[in-house]
Amino acid sequence: MVDVWLDAVTPKDSLLIYALLPVLKEGGYEVIVTAKRQTQTTEVLELLGIPYVCVGRYGETLRDKLVEEQRRTLEFVELFDRIGLPKVLWTHGDVSAIRTAFGLQIPIVYSNDTPHAIHVAKLVCPLVDWLIAPVCFGKSWSRFGISKSRIVLYDGVEEIAWLNKPFEKKSEFIEELRGKKHVILFRNVEYKASYYKDVKVDVWRLVEELSKLATVVYLPRYEEERAELKDLKDVLVPTKPVLTFQILPYVDLVVGSGGTMCREAALMGIPTIAFHFWDAVAKYLKRKKFPIHYKPGMDKILMLAQDILKDPQKYRVNTKPLLEILESPIPLTVERIKEALIENKK
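The notes below deal with the structure included here. (Residues numbered from 1 in each chain as written. Predicted model: local features only at pLDDT ≥ 70, side-chain atom pairs only at ≥ 80, totals over all residues. Heavy atoms only, no water.)

### Things to note about the pairing of strand β11 (residues 253-256)
Remark: a regular strand shows side chains that alternate across the two faces of the sheet.
For step 1, the next point in the chain: Side chains Leu253 and Val255 project from β11 onto one buried face, and the interleaved Val254 and Gly256 project onto a second face that is buried too.
For step 2, the next point in the chain: Both strand β8 (residues 183-187) and β11 contribute to a ladder of four bridges, which runs parallel. Directly across from Ile184, in β11, lies its bridge partner Leu253.
For step 3, the next point in the chain: As for the winding sense of the linkage, the β-α-β connection from β11 through helix α11 (residues 260-267) to strand β12 (residues 272-274) is right-handed. (Buried < 20%, exposed > 50% of the residue type's maximum accessible area, 1.4 Å probe, protein only. Helix = DSSP H or I, 4+ residues; strand = E, 2+ residues; numbered from the N terminus. Pairing = 2+ DSSP bridges. Right-handed = clockwise from strand over helix to strand, strands pointing away.)

### Concerning the environment of Lys289
For step 1, the next point in the chain: With respect to the secondary-structure elements, Lys289 resides in the loop between α12 (280-287) and β13 (292-294).
For step 2, the next point in the chain: You can call Lys289 exposed: its relative accessible area is 63%.
For step 3, the next point in the chain: Spatially, the C-alpha atom of Lys289 lies 8.0 Å from that of Leu322, the residues being 33 residues apart in sequence.

### Observations concerning a nonpolar patch on the surface
For step 1, the next point in the chain: Taken together, Val77, Leu85 and Leu104 make up a surface patch of nonpolar side chains, about 190 Å² in accessible area.
For step 2, the next point in the chain: Along the polypeptide, Val77 turns up in helix α3 (residues 62-83). (Patch = residues over 30% accessible without salt bridge, like charges linked within 9 Å, V, L, I, M, F, W, Y side chains within 5 Å. Areas by Shrake-Rupley, 256 points an atom, 1.4 Å probe, with all protein chains shown as cover. Salt bridge = Lys/Arg side-chain N within 4 Å of Asp/Glu carboxyl O.)

### Regarding the sheet that holds strand β10 (residues 235-236)
For step 1, the next point in the chain: Read across the sheet, six strands follow the order β10-β9-β8-β11-β12-β13 without closing on themselves; strand pairing throughout is parallel. Two strands lie at the open edges of the sheet, namely β10 and β13, each paired on one side alone.
For step 2, the next point in the chain: Both β8 and strand β9 (residues 215-218) contribute to a ladder of four bridges, which runs parallel. By the bridge assignment, Ile184 is partnered in β9 with Val216.

### Focus: the sheet that holds strand β2 (residues 31-37)
For step 1, the next point in the chain: Spatial ordering of the open sheet is given by β3-β2-β1-β4-β5-β6-β7, a layout of seven strands whose pairing is parallel. The sheet is open, and its two edges are formed by β3 (53-57) and β7 (151-154), each paired on a single side. Each strand axis lies, on average, 20° off the axis of its neighbour in the sheet, ignoring direction.
For step 2, the next point in the chain: Where strand β6 (residues 130-134) meets β7, four bridges bridge the pair, whose relative direction is parallel. In the sheet register, Ile132 faces β7, and the bridge partner there is Val152.
For step 3, the next point in the chain: Against the sheet, α3 makes contact with β1 (4-8), β2 and β3, and its axis sits at roughly 155° relative to β3, the strand it touches most. (Axes fitted to C-alpha atoms, helices over the stretch in contact; angles between N-to-C directions. Contact = heavy atoms within 4.5 Å.)

### Quick look at α12
For step 1, the next point in the chain: Turning to α12, its buried residues number three or more, namely Val281, Ala282, Tyr284 and Leu285. Along α12, the residues classed as buried sweep out an arc of 160° about the axis, all on the same side.
For step 2, the next point in the chain: Looking at the buried positions of α12, the neighbouring elements they touch are α11 and β13.
For step 3, the next point in the chain: Here α12 starts with a cap whose side-chain oxygen sits 3.2 Å from the backbone nitrogen of Val281, and that cap is Asp279.
For step 4, the next point in the chain: Note on α12: the residue one or two positions beyond its end, Lys289, has a positive phi of about 80°. (Arc of directions from axis to C-beta. Polar contact = N/O pair within 3.5 Å; in protein donor to acceptor, adjacent residues only side chain to side chain.)

Written out as structure tokens, the structure is:
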């Protein structure tokens, strides 16, 4: 009988599961991991050596998203008809997993730090038992239909969860970075997401200009991005997914939309420029003196990048003492999962 069901629909979910799994297994719980085949989610699970059951796939258009979510719900029902119902679900916000759990009266522990994904939040917040969120958002999630008493806050960010956990296997891609004078790590916005809008930067032109300053490592979200970059010199695109926290020590500057990779880099003390999101988490990190900057315009990005690359060490920050005071979401998450399991026995 499965105790805990963990569901992943993004690479970040996979990394959080990497941090959650050992703690749950140490507690003697039987765990199943399910994952949607999309945007490198399953590839990251495989890199981390985590067994999973593939359920569903990514829908690109609005119609496809709706259809695939319904299919995924039915696939979950069929899976649990075979193996039995799990006793609690943890997810980072997948609609089909939460709807399935709610319909089958499975308690739901929900972690999230992306309230800008309002379509998902409106659908799932009224259905979950607990929401685990960074303190920088306060109880603002209640506007989506969850009681404030069900929102549990921690004084930190989600990325702490796996940055605190060593991973021994080295990335082969690191060898391609050796000997490079300067390296910029770049990631585009998640432009197929439901919340995508209002990007003010011509991303392809920005990458081209940055490649004149340093070697650019471009981490694609979608396969078609490779075609946009094929004619650019000094732009490296890994042929396989990589774990960003493994290559960040070899990077001088990170430029990205402002999501997970930017937060990881800032937490590791690497100067970081966000050109799209400047949300509560980014502002929280800035207040805590992590090296993250918001520059929504091309000219400002290039000016700051040039300054940083003149002397990258000057802009790096020793974040070890800063990290020691930040909380990981894992203890609170496990605590709520255990509470749900105890309630399930009554």
